[in-house]
Amino acid sequence: MTMWKFSGEVAEFYQRYRRGYPAEVFDKLVVEFGLSTEDTALDLGCGTGQLTRSLAARTRSVIGMDPEPDMLAQARKATSGLTNVNWLVGADSDVPALRTLLGRDSLGVVTIGQALHWMDHATLFPALRSLLRPGGGVAVLTNGAPMWLHESSWSKALREYLSGWLGQPLVRTCGAGQEEQDRYRASLEAAGFATGSDVVEYEDEIDLEFVIGAVYSATPEDRLPKPAERAGFEERLSAAISPYAPFVEPVQVRILIGRKG
């Protein structure tokens, strides 16, 4: 799978315009895995730390791991006051090396938030199993479908505009689709995890600035409009979707659980 580069300005947009997760999500993880302040968590593919920082309040320590240094630089800035978070440059292929560093049965939970579609889940889940303590497990979280894939009028207008700009249809759900969820569940079960799932749903009214920032945060670095081109890009985007304001986005946080017996 081709990796997009989430570096430079894209990482800055990611930090500013990617929403965090409701507290209810973390309450569910605490109950599901029996998490306590004795546990260490790994947030794999952590990006700028939207999951990591909330895990830090519920565990002894958290490791945020991501292959993109610029994402981790933004994460460090956002969590400068936290003393129990460590940041590590690495991808899912580096997980086996963590066993030497951390030891077996050393983690209470591994979270993967809206990032598993970049990973080789069939080899990742078996590698994670030996790192997890009994009763701990993996939580795969998707923070809603992309905002241009909803059925509202403004979302359809955004989809049409972006498809024309990119010259291709926008169909990828970034792991939020049922077919992808079913594949992830099958891989967890093949790796010996007992699986379950949960959903947290809410609506979020967002403004034009947030829409534009979220689009930039999901754009490959080499496709991001140049600074001199952005005013025109944003004016055309605004013209396409503003007639359909307000912009109310339904957010469905899907939680796929894999528990180690």
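Residues numbered from 1 in each chain as written. Predicted model: local features only at pLDDT ≥ 70, side-chain atom pairs only at ≥ 80, totals over all residues. Heavy atoms only, no water.

### Overview of the overall build of the chain
Then comes step 1: Tallying secondary structure elements over the chain gives 10 helices and 7 strands in all.
Then comes step 2: Taken over C-alpha atoms, the radius of gyration comes to 19 Å for the chain, in line with the 18 Å a tight globule of 261 residues would show.
Then comes step 3: Counting every position in the chain, which comprises 261 residues, the buried fraction comes to 51%.
Then comes step 4: Within the structure as shown, the chain displays about 11800 Å² of accessible surface, and the carbon and sulfur contribution to it stands at 51%.
Then comes step 5: Looking at charge distribution, the chain has the averaged site of its 26 positive side-chain charges lying 4 Å from that of its 34 negative ones. (Helix = DSSP H or I, 4+ residues; strand = E, 2+ residues; numbered from the N terminus. Rg over C-alpha atoms; globule rule 2.2 N^0.38 Å. Buried < 20%, exposed > 50% of the residue type's maximum accessible area, 1.4 Å probe, protein only. Areas by Shrake-Rupley, 256 points an atom, 1.4 Å probe, with all protein chains shown as cover. Lys, Arg positive; Asp, Glu negative; His and termini not counted. Charge placed at Lys NZ, Arg CZ, Asp CG, Glu CD.)

### With respect to the sheet that holds strand E4 (residues 107-113)
Then comes step 1: Overall, mixed pairing links the 7 strands, which are arranged E3-E2-E1-E4-E5-E7-E6 in an open sheet. In the strand order of this sheet, the two ends are held by strand E3 (85-89) and strand E6 (194-206), each with one partner. Within this sheet the neighbouring strands show an average axis-to-axis angle of 20°, counted without direction.
Then comes step 2: As judged from the 5 bridges shared by strand E2 (residues 61-66) and E3, these two strands associate in the parallel manner. For Val62, the partnering residue across the bridge sits in E3 and is Val85. (Pairing = 2+ DSSP bridges. Axes fitted to C-alpha atoms, helices over the stretch in contact; angles between N-to-C directions.)

### Considerations on the nonpolar core
Then comes step 1: In this structure, Met147, Trp148, Leu158, Leu162, Val211 and Leu237 are the most contacted members of the largest nonpolar core, which totals 29 residues.
Then comes step 2: When contributions to this core are tallied by element, the ones reaching two or more residues are helix H1 (9-17), helix H7 (153-166), helix H9 (208-217) and helix H10 (230-241).
Then comes step 3: Of the residues forming this core, the biggest block, 6 residues, is contributed by H9.
Then comes step 4: Those residues in contact with Leu162 that sit more than four places away from it in its chain are Trp148, Leu170, Val215 and Phe233.
Then comes step 5: Counting 25 residues, the second largest nonpolar core, distinct from the first, contains Leu44, Val110, Leu131 and Ala191. (Core = buried A, V, L, I, M, F, W, Y, C linked by side-chain atoms within 4.5 Å. Contact = heavy atoms within 4.5 Å.)

### Quick word on the pattern of salt bridges
Then comes step 1: Enumeration according to the criterion identifies 12 salt bridges in this entry.
Then comes step 2: Ionic pairing is found between Arg16 and Glu209, a salt bridge with its closest N-O pair at 3.7 Å. Taken together, the residues Arg16 in helix H1 and Glu209 in helix H9 connect sequence positions 193 residues apart.
Then comes step 3: Arg16 gets classed as exposed once you look at its relative accessible area, which sits at 55%.
Then comes step 4: According to the relative accessible area criterion, Glu209 is partly exposed, its value standing at 47%.
Then comes step 5: Connected through salt bridges with shared partners, the residues Arg19, Asp204 and Glu249 form a single ionic network. (Salt bridge = Lys/Arg side-chain N within 4 Å of Asp/Glu carboxyl O.)

### Some points on unusual backbone geometry
Then comes step 1: Here the bond from Ala245 into Pro246 is cis, since omega is 5°, no more than 30 degrees from zero.
Then comes step 2: Of note in the backbone geometry, Gln114 takes a positive phi value of approximately 50° without being a glycine.
Then comes step 3: Positive phi, close to 55°, is recorded for Cys174, a residue that is not glycine.
Then comes step 4: In this fold, Cys174 is placed in the loop between H7 and helix H8 (178-190).
Then comes step 5: Given the relative accessible area of 24%, Cys174 is considered partly exposed.

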